[in-house]
Structure formats: structure tokens, C-alpha cells
Amino acid sequence: MAQLKTLLNGVTLPATSPVTAASATKDLNDALDNIVQHQNVGPFIGRNLIEHLVTSNPSPAYIARVTAAFNDNGSGVRGDLKAVIRAILLDPEALNPSPDSLFGHLLEPILFKTRLLRAFDTMAATTDFALTDTYLPSELG
Amino acid sequence: VSQDLFRSPSVFNYYPPAFSIPDVGVNGPEFAIQSTSTALARVNFVAETTYKTMFVSNPNRPTGTWLDLSSITPLTASPYQLTGTLNTLMLHGAMSADLHAAVNNALAGMTSATSLQKAQRAVYLIGSSPEFFVER
């Protein structure tokens, strides 16, 4: 039986009857839009991207500045990820030339490997730099 | 090194975003897959590529990746110039004074080594240092 659907922040989607492929798609899109509008999305995405790109322990103020960029890219658009990345990489905390001892993050394994390989002229037995089974230490083309 | 590329065990990546380093209490997501053995695997990877000891003949796995250090071997005549260049190449100029001194001391002790051996030793020491493991 078709019912009113209550989403986050008290938003409701009207009951649909009969349910068709088109109405289901519309409900799904509306529900995703509803989630994106939730106030927790900016801090969540901002913190995760900061952890990947800059530091494992960002200050609350840093996350707040990135969240502000997520909420409004400067021209009233919410969710502009280009603006978010710009805010993350150009933040004073990311560019601080003398950061505190907790600043930064351990490189994940594949970035550690590529960091070394990119620093020099890397050679291999063949030109096929196959990447397989990188959980084994010896398995990088 | 505990990261099966393109085949993450979960849609939430290889490690959780909020992993607290045991006994330290500091957030460090990537440390969730950093263990005694994977830490050694990183050092081994540096050794294999700098000393050119990686396997070549595994079927379907054309390995044997190594670092061509010919661009820096001429610099080994002056250890300070070598560590300075490696500082720029590998650590974007952020090498600590302690690491500088450690590498220079190691090179100074290699009186009868070839320039390639010196270059390999310097790259290996810097590549296996904690400073090279983290991004700051």
C-alpha cells in the first residue's frame, strides 16, 4: 500500500499509486537529494577528504571552513566538490610551513610505492608495468 | 603491503576513517593496515627497487622494477650535494637534520664503495625512513 514517505529533516515524499518504474526512480532521486541536503554531509565528506589529502587530525575550524565551501561554493551552489578540494588544499592549515607534530598522515601503501617510483627514473624488465596482487611485497611490475 | 589494489575488501576503503593508533590515542586511518609485517614489506620494497633485486621471471607478472640512479651517482663525490638533491627529490626539501646527518655519516663510512653503491645506500636509507612514510 502506498504511503507518505518521511525523510530526514521532516521532508516528505507523496504517496505514489500505482508504483511505476518512473515513480520509483523519482523517489530514489528525491531521497538522494534529501540526504545531500542534510547538514551532516558537509562535515562528513570534508573530514574524509582532508584525511586522505592532508592530515589525519584536522582542527574543527579547518573542517568548518571546508564545510562552508561544501554548503556554498561562493555562488550559492551546494555540493561543488571542486570548491571543496580547493578549500582543503589552499587552507592555511594545509599550507602551514611549520605544522605541529601531529600534522600529516601515513601514506597508504600504493601511494608510498608510487612516491618512491616517481622520484627517479623507474625501469622494469618489460614495458608492461602490471599491477597485480599488491598485497604481496614483490608484486609490483 | 596489505593493499590489494582495485579490490578493496569493503566499499568503505581499505581502512576505517576513524582508526585510533593503539597506545597513542591519535587518529591515523592508514595505520589500520600498518603492522610489523607490512612495515617491513615497505622497507623491503625500497631495498628491492634500489638494489635491483626484484624478481623478473614470474609468469604473467613482468616484475623486476628498479630505480635508475644514474642521474644522481655523479653527485656521490660530495655527500652533502647528494643528500641535498635527494632531499628535494624524495622529501620536497623537508628532510630533518637528524636524517641528513645519518645519511652523511653512512656515506662517509663507505670509503671503498663505488658511486652507485653510495647512491643506492643513500636512497635506501631515506626511502626506508619514517619521514618518507608520511606525507606532511
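First, a word on what this report is: a plain description of the structure on this page. (Residues numbered from 1 in each chain as written. Chains lettered and ligands numbered in written order. Predicted model: local features only at pLDDT ≥ 70, side-chain atom pairs only at ≥ 80, totals over all residues. Heavy atoms only, no water.)

Structural notes on the pattern of salt bridges
All names here are of chain A. Basically, it comes down to this: The working definition used for a salt bridge is a side-chain nitrogen of Lys or Arg within 4 Å of a carboxyl oxygen of Asp or Glu. Only DSSP runs of H or I covering at least 4 residues are called helices, and only runs of E covering at least 2 are called strands; the numbering of each starts at the N terminus. Exposed residues in this analysis have more than 50% of their type's maximum accessible area, buried residues have under 20%, and partly exposed residues fall in between, with area computed by a 1.4 Å probe over protein chains only.
Within the structure shown, the criterion is met by five salt bridges over all chains. K5 is the partner of D27 in a salt bridge, and the nearest nitrogen-oxygen pair spans 3.2 Å. With a gap of 22 residues between them, D27 in helix α1 (residues 21-36) and K5 in strand β1 (residues 5-6) connect regions that are remote in the sequence. Owing to a relative accessible area of 15%, D27 belongs among the buried residues under this scheme.

Examining the packing of helix α6 (residues 109-119) of chain A against helix α1 (residues 36-50) of chain B
The axes of two packed helices give the description: the angle between them and the distance between them. In plain terms, the rule: Note on geometry: axes are lines fitted to C-alpha atoms, helical ones only across the stretch in contact, with angles between N-to-C directions running from 0 to 180 degrees. Our angle categories are set so that under 35 degrees counts as roughly parallel, over 145 as roughly antiparallel, 65 to 115 as roughly perpendicular, and the remainder as oblique. In this scheme the handedness of a crossing depends on how the near helix is turned from the far one: anticlockwise by less than a right angle means left-handed, clockwise means right-handed. The contact rule is simple, with two residues in contact once any of their heavy atoms fall within 4.5 Å. Any residue that is not Ala, Val, Leu, Ile, Met, Phe, Trp, Tyr, Cys, Pro, Asp, Glu, Lys or Arg is counted as polar, Gly included; the first ten are nonpolar and the last four charged.
Orientation of α6 of chain A relative to α1 of chain B, taken along the N-to-C sense of each, is 25 degrees, at an axis distance of 11 Å. If you check the angle between α6 of chain A and α1 of chain B, you find them roughly parallel. As for the relative orientation of α6 of chain A and α1 of chain B, their crossing is right-handed in sense. In this structure, α6 of chain A contributes P109, F112, K113, L116 and L117 of chain A to the contact, and α1 of chain B contributes R42, F45, V46 and T49 of chain B. In terms of residue class, the contact of α6 of chain A with α1 of chain B is built from six nonpolar, one polar and two charged.

Side note on the side chain of N87 of chain B
All names here are of chain B. Put simply, the rule is: By the criterion applied in these results, polar contacts are pairs of N or O atoms within 3.5 Å in which, for protein atoms, one can donate a hydrogen and the other can accept it, and in which residues neighboring in sequence qualify only through two side-chain atoms.
Within the secondary structure, N87 is located in helix α2 (residues 79-91). With relative accessibility at 10%, the residue N87 sits in the buried group. Within the local environment of N87, its side chain forms a polar contact with the backbone nitrogen of A94, the two atoms lying 3.2 Å apart. Apart from the residues within four sequence positions on either side, N87 is in contact with H92, G93, A94, M95 and H100.

Some remarks on helix α2 (residues 41-53) of chain A
An α-helix turns once every 3.6 residues. As a result, residues three or four positions apart point the same way. Residues and elements named next belong to chain A. Put simply, the rule reads: Every helix has an expected span of 1.5 Å times one less than the residues it contains.
Across its 13 residues, α2 extends 18 Å between first and last C-alpha, which sits within 8% of the 18 Å expected from 1.5 Å per residue. Taken residue by residue, α2 has V41, G42, G46, N48, I50 and E51 as its buried positions. If you follow the buried residues of α2, they end up packed against α1, α3 (60-71), α4 (81-89) and β3 (105-106).

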